[in-house]
Amino acid sequence: MLEYANRLHKELQNRDILLRRCRCLSVVCQTLALLPEQSRYLAVVATKDNAHGTGSNDIEQEDYDEEVSSGSGHLPAEPANGANKPAASSKSLVLLSLEDITKEAALCDARYAVLEASLSADSPPTVSCIPPSKPEEVFKKLVEKKLFDHAWLMSSIFSIPPYTIIEAVTYECIKVDASSDDVEPHWIAINRRYVDEVGSGKDRHWSIMRSYVEMGRRLYPNDSRILRSASMTFMQYEWPLPCWLSALHQERDVGDFVNILLSFGHLESALDALTKAVESASECLVSEHARSILPYTQIDMFFHLVAKSEDPYLKEISKQLATKLRIYMERVETFSRR
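As annotated in an unreviewed UniProt entry, the chain is Nuclear pore complex protein from Ascaris lumbricoides.

Structure follows, in C-alpha cells:
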C-alpha cells in the first residue's frame with residue numbers, strides 16, 4: 001500500500017490522485033499503529049525522497065506537474081537495452097517509521113484540503129490545480145484559505161510556528177464584529193476541532209481565536225510571540241483588546257505588552273500596566289532573598305515619551321508611577337544593606 005502511495009506521488013496531482021494517496025497513507029498509518037511500538041517500521045527502496053530528503057524532489061515534482069498540466073510534459077524515455085539500469089541487488093533500503101509516514105499522510109491531506117478549497121464543488125475529479133508540496137508553502141496556503149484547523153495540524157507536526165494562524169484568526173474575528181452582516185462566515189463552522197468551550201452565537205468566532213492562543217501557549221510556553229501576535233493584530237486594526245488577553249499578556253510578559261502599547265502610542269494604558277507591575281514587584285519585596293523583575297527598558301521609554309508629550313494630564317498622572325518606582329528602589333536598597 002505504501003509503494004502504491006509512492007507511485008501515486010509521481011503522477012499528476014489532481015483531486016482524484018491526491019484523494020487516493022491520502023487513503024493509502026491513512027491505511028498504512030492505521031495498520032502500523034496496531035503493531036507493537038518496536039515493530040512500527042517499514043523498509044522501502046531508497047529514493048531521492050527518503051534517501052536525501054524531499055527538498056529537491058519537491059521542486060522537481062512541482063515542475064513536472066506544471067509541465068504535464070500545460071501539455072508540455074513528457075515521460076522519461078526508457079533506456080535502450082536496459083542500459084544504466086541499476087541492478088536490483090544494488091538497491092539500498094531505508095527504514096520508515098510510523099512518525100515518518102504520519103508526516104507524509106498529514107502533508108498529503110493538507111495538500112488535498114488546499115486543492116478542494118481552490119476548486120469549485122462541481123469541478124471534475126481529474127481537473128488539475130496543483131497545490132504546493134513543501135510543508136511551509138502548504139501551511140501558508142491553508143492559512144490563506146482560512147483552513148485554520150488543517151494549518152494548526154501542519155504547524156504541530158512540522159514544527160512551524162503558529163504566529164500566522166493566530167494573526168489571521170484574530171483579523172477574521174475583528175472583521176466579523178465589524179461587519180453588519182448577520183450571516184456567520186463559513187470559516188467559523190469548519191474550524192472547531194480544537195474548541196473546548198463553544199461560546200454563544202455572537203462569540204463563536206472568539207472561542208476559536210482563544211483556543212488557538214491557549215494551544216500556542218501550551219506548545220510554546222516561553223515564546224512571547226504567541227500573545228504578541230494576537231495583541232499586535234488588535235492594535236494594528238485599532239480594535240479594543242479583550243480583557244482576558246490584556247490580563248494574560250501583562251501576567252506573562254509585561255515588558256512585551258508595554259512595548260506594544262508604547263509602539264502604538266497608548267501611553268495611558270502603558271502607565272496603568274507599569275503601575276501594576278511596580279506595585280506587584282513592591283509586594284514581593286518582603287526579605288533580602290526576595291526576587292522581582294521590572295521592565296526597566298520600557299519604563300525608561302515611557303518616561304522619555306511622556307517628556308516629549310504635550311499632554312499636561314499625562315505628565316501629572318505619570319508622577320504617581322515615579323513615586324511608586326522611587327519607593328520600590330528605596331526598599332530594594334534597604335534590603336541590600338542587610
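Having seen the model, we can carry on.
Asks: Provide a residue-level description of helix α10 (residues 204–219), including the pertinent values.
Replies: At 3.6 residues per turn, the α-helix brings residues three or four places apart onto the same side. For α10, spanning 16 residues, the distance from its first C-alpha to its last is 23 Å, which sits close to the expected 22 Å at 1.5 Å a residue. Listing the buried residues of α10 in full gives H205, W206, S207, I208, M209, S211, Y212, V213, M215 and G216. Buried residues belonging to α10 abut α7 (148–157), α8 (163–178), α9 (186–189), α11 (225–236) and α12 (243–263).

Asks: Explain unusual backbone geometry residue by residue, including any values.
Replies: Positive phi, normally seen in glycine, also occurs at S159, with a value near 55 degrees. Within the element layout of this structure, S159 appears in the loop between α7 and α8. The class for S159 is exposed, based on a relative accessible area of 57%. You will see that E238, though not glycine, has its phi angle at about 50 degrees, which is positive.

Asks: Tell me about the nonpolar core, and please be specific about residues and values.
Replies: Among the nonpolar cores identified, the biggest contains 64 residues, and L142, I165, V169, M209, Y212 and F302 are the most heavily contacted of them. The residues contacting L142, other than those within four sequence positions of it, are A110, A113, V114, L147, H150, A151 and M154. Residues V44, I101, C108 and L119 belong to the second largest nonpolar core, which totals 21 residues.

Asks: Quick one: what's the story with α7, residue by residue and with numbers?
Replies: Taken as a whole, α7 has its buried residues at F148, D149, A151, W152, M154 and S155. Tucked inside the fold, the buried residues of α7 contact α5 (98–118), α6 (135–144), α8, α9 and α10.

Asks: So what's going on with the environment of A277? Residues and values would help.
Replies: Topologically, A277 is positioned in helix α13 (residues 267–284). Taking the C-alpha atoms as reference points, A277 and V254, 23 residues apart in sequence, are found 7.4 Å from one another. In contact with A277, not counting residues within four places along its chain, are V254 and L294.

Asks: Please give an account of the packing of α13 against helix α14 (residues 296–308) that cites residues and values.
Replies: Direction vectors running N to C along α13 and α14 enclose 140 degrees, while the axes themselves pass 11 Å from each other. Here α14 runs oblique to α13, going by the angle between their axes. Here α13 runs over α14; the crossing is left-handed. Contact residues: L267, A270, L271 and L274 in α13; Q298, I299, F302 and L305 in α14. For the contact of α13 with α14, the class distribution of residues is seven nonpolar, one polar and no charged.

The rules behind the values
- Residues numbered from 1 in each chain as written.
- Predicted model: local features only at pLDDT ≥ 70, side-chain atom pairs only at ≥ 80, totals over all residues.
- Heavy atoms only, no water.
- Helix = DSSP H or I, 4+ residues; strand = E, 2+ residues; numbered from the N terminus.
- Expected span 1.5 Å × (residues − 1).
- Buried < 20%, exposed > 50% of the residue type's maximum accessible area, 1.4 Å probe, protein only.
- Contact = heavy atoms within 4.5 Å.
- Core = buried A, V, L, I, M, F, W, Y, C linked by side-chain atoms within 4.5 Å.
- Axes fitted to C-alpha atoms, helices over the stretch in contact; angles between N-to-C directions.
- Parallel < 35°, antiparallel > 145°, perpendicular 65-115°, else oblique.
- Left-handed = near helix turned anticlockwise from the far one by under 90°.
- Nonpolar A, V, L, I, M, F, W, Y, C, P; charged D, E, K, R; others polar.

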